[in-house]
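# Inside the fold
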Amino acid sequence: MRHSRRRDTRSTILVASVLLALSLSACTNASQAAPEPAGTAASEGSTPGAEPVALNEAARNLLPEKIRAAGTLRVASDPTYAPFEYYDTDNKTMIGYDVDFSDAVGAALGLEVEHVPATFDTILPGLASGKYDMAMSTFSITPEREKIVDFAEYLNGGSGVAVLPGNPQKIFMDPLSMCGKKIAGQKGSIQSMEYLPEFSEQCTTAGKEPLTIQNFPGQTDANLALASGRVDAVVADSISLAYQAKKTGGKFELAPGEDYEPVPTGIALAKDGGLKEAVTEATRSILDSNYYEVMRVKWGLPKSVLVTSEVLDKK
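What you see is a predicted model, and the numbers here were worked out from it, not measured in a lab.

As a further point, take the overall build of the chain. Helix and strand counts for the chain stand at 12 helices and 12 strands. Here the chain holds 315 residues, and 54% of them are scored as buried. Here the contacts in the chain between residues at least 6 apart in sequence split such that 77% fall between residues at least 24 apart. Looking at the chain as shown, the accessible area adds up to about 13200 Å², and 53% of this sits on carbon and sulfur atoms.

Sheet strands associate in pairs through backbone hydrogen bonding, adopting either a parallel or an antiparallel arrangement. The strand order across the open sheet built from three strands is E2-E3-E4, with neighbouring strands paired in antiparallel fashion. Of all the strands in the sheet, the pair left with one neighbour each is strand E2 (80-81) and strand E4 (94-95). The sheet contact formed by strand E3 (residues 85-87) and E4 spans two bridges and is antiparallel. Paired with Tyr-86 across the bridge in E4 is Ile-95.

Take the packing of helix H5 (residues 97-109) against helix H11 (residues 276-287) next. Between H5 and H11, whose axes approach to 9 Å, the crossing angle comes to 110 degrees. One way to sum up the angle between H5 and H11 is to call them roughly perpendicular. Of the residues in H11, those touching H5 at Phe-101, Ala-104, Val-105, Ala-108 and Leu-109 are Ala-278, Val-279, Ala-282, Thr-283, Ser-285, Ile-286 and Leu-287. Across the contact of H5 with H11, the residue classes tally to 10 nonpolar, two polar and no charged.

Every regular strand shows the same layout, with side chains that alternate between the two sheet faces. Along strand E12 (residues 260-270), eight of the 11 residues are buried, which leaves the element largely enclosed by surrounding structure. Judged from the three bridges that link them, strand E6 (residues 134-140) and E12 form a sheet pairing that is antiparallel. By the bridge assignment, Ala-135 is partnered in E12 with Ala-268. Here strand E7 (residues 149-163) pairs with E12 via nine bridges, running antiparallel. Residue Ala-152 lies in a different strand from E12, and its bridge partner there is Ile-267.

In the structure shown here, the tally under the stated rule is one disulfide. There is a disulfide in this structure between Cys-179 and Cys-203, and the S-S distance comes to 2.1 Å. On the sign convention where negative is left-handed, the bridge of Cys-179 and Cys-203, at about -90 degrees about the S-S bond, is left-handed. Here Cys-179, found in the loop between E7 and strand E8 (182-186), pairs with Cys-203, found in helix H8 (residues 190-205); they are 24 residues apart in sequence, far enough to count as distant. The class for Cys-179 is buried, based on a relative accessible area of 11%. On the accessibility criterion, Cys-203 (0% relative accessible area) is buried.

For the rest of this paragraph, the subject is the packing of H5 against helix H12 (residues 291-299). H12 packs onto H5 with a crossing angle of 160 degrees between their chain directions and a minimal axis gap of 10 Å. It follows from the interaxial angle that H5 and H12 lie roughly antiparallel. Judged by the sense of rotation from one axis to the other, the crossing of H5 with H12 is right-handed. Where H5 approaches H12, its residues Tyr-97, Asp-100, Phe-101 and Ala-104 are matched on the opposing element by Tyr-291, Tyr-292, Met-295, Arg-296, Lys-298 and Trp-299. Residue classes in the contact of H5 with H12 are distributed as seven nonpolar, no polar and three charged.

Bringing the nonpolar core into the picture now. One finds Tyr-97, Phe-101, Val-105 and Ile-267 to be the most contacted residues of the largest nonpolar core, which totals 54 residues. Examining the composition of this core, we find that six residues originate from one element, H5, more than from any other. Counting residues in each nonpolar core, the second largest holds 17 residues, with Val-163, Ile-171, Ile-183 and Leu-196 among its members.

Reading predicted coordinates in detail is not appropriate for stretches of low pLDDT. When pLDDT is averaged along the chain, the result is 85, and 83% of the positions lie at 70 or above. Contacts from residues 1-49, a stretch scored under 50 in pLDDT, to residues over four places away or in other chains number 169 contacts.

Turning next to the pattern of salt bridges. According to the stated counting rule, one finds eight salt bridges in the structure shown. Close ionic contact of Asp-100 with Lys-298 constitutes a salt bridge, the shortest N to O distance being 2.5 Å. On the criterion of sequence distance, the pair formed by Asp-100 in helix H5 and Lys-298 in helix H12 is long-range, its members being 198 residues apart. By relative accessible area, which is 11% here, Asp-100 ends up buried. Glu-281 serves as the salt-bridge partner of Arg-284, at 3.2 Å between the closest nitrogen and oxygen. On the criterion of helical spacing, the pair formed by Arg-284 and Glu-281 is a turn pair, its members being three residues apart in helix H11. The class of Arg-284 is buried, set by a relative accessible area of 19%. Taking relative accessible area as the criterion, Glu-281 reaches 26% and is therefore assigned partly exposed. Linked by salt bridges that have partners in common, Glu-281, Arg-284 and Asp-313 make up one network.

The rules behind each value
- Residues numbered from 1 in each chain as written.
- Predicted model: local features only at pLDDT ≥ 70, side-chain atom pairs only at ≥ 80, totals over all residues.
- Heavy atoms only, no water.
- Helix = DSSP H or I, 4+ residues; strand = E, 2+ residues; numbered from the N terminus.
- Buried < 20%, exposed > 50% of the residue type's maximum accessible area, 1.4 Å probe, protein only.
- Contact = heavy atoms within 4.5 Å.
- Areas by Shrake-Rupley, 256 points an atom, 1.4 Å probe, with all protein chains shown as cover.
- Pairing = 2+ DSSP bridges.
- Axes fitted to C-alpha atoms, helices over the stretch in contact; angles between N-to-C directions.
- Parallel < 35°, antiparallel > 145°, perpendicular 65-115°, else oblique.
- Nonpolar A, V, L, I, M, F, W, Y, C, P; charged D, E, K, R; others polar.
- Disulfide = S-S within 2.5 Å.
- Left-handed = near helix turned anticlockwise from the far one by under 90°.
- Core = buried A, V, L, I, M, F, W, Y, C linked by side-chain atoms within 4.5 Å.
- pLDDT = per-residue confidence, 0-100.
- Salt bridge = Lys/Arg side-chain N within 4 Å of Asp/Glu carboxyl O.

What follows is the structure in structure tokens.
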């Protein structure tokens, strides 16, 4: 997951702090067992037992009039984060767990969904400015983030570390195993903005060499740097790392060990957009349906990351 820390100041400093906080996001992670890679959108859509997502009239009635009249929900995602959001083999159709989930939200609300690709660290500022109606890119839910945007929770998971096959550097999700190593993260993520600097500080406190932190604009860029030997490890969402490792045919692997600091993952919504109640109720109906399990199986997510609709009642 990705989140930020924000200190309240005034004037332009406040604006800068808000924009920085918005750019820090959240990713899901979970399982020790690597998920099976999904195929194309068409092949994955054939999972048996799926019920169509029904229109939720109660949720639709909560929509702002301008959204209902427009008939379209603009959803932003960073398409470099398989299996959550990435491009199909045509390199232009966005697919993934978050894509399916947002399509389900749209169906429950009686809206068409327009999937808008964006670089990860620009999504939440764009959401705040009204460029998008909703954002789904495995954003973590934190108290700091909740001061700035609203969320509807739909998963819960943590971080993992990817290493070269056989783990020659003996790197695990233990900061002291990373001391003096080149460790990569995705720009704007909690891993690059918070975890890796904290890990590096733990190393220097222990009298060891700090981490050499390298941030990349997309998760696929970080993974490629690992596979090509330019970095020693990548810290990111464990589900995504395990999934992408299998998709590369074993050019890297998820190091064994427990996920680091699992946190809730949510759909992000602008505080002044008027969509919080409608999207929350649409999400509730999805979490209570068998389609929630269908999506989990389809994209290879572990059961441990699933939540119940009761999480939506948290205040």
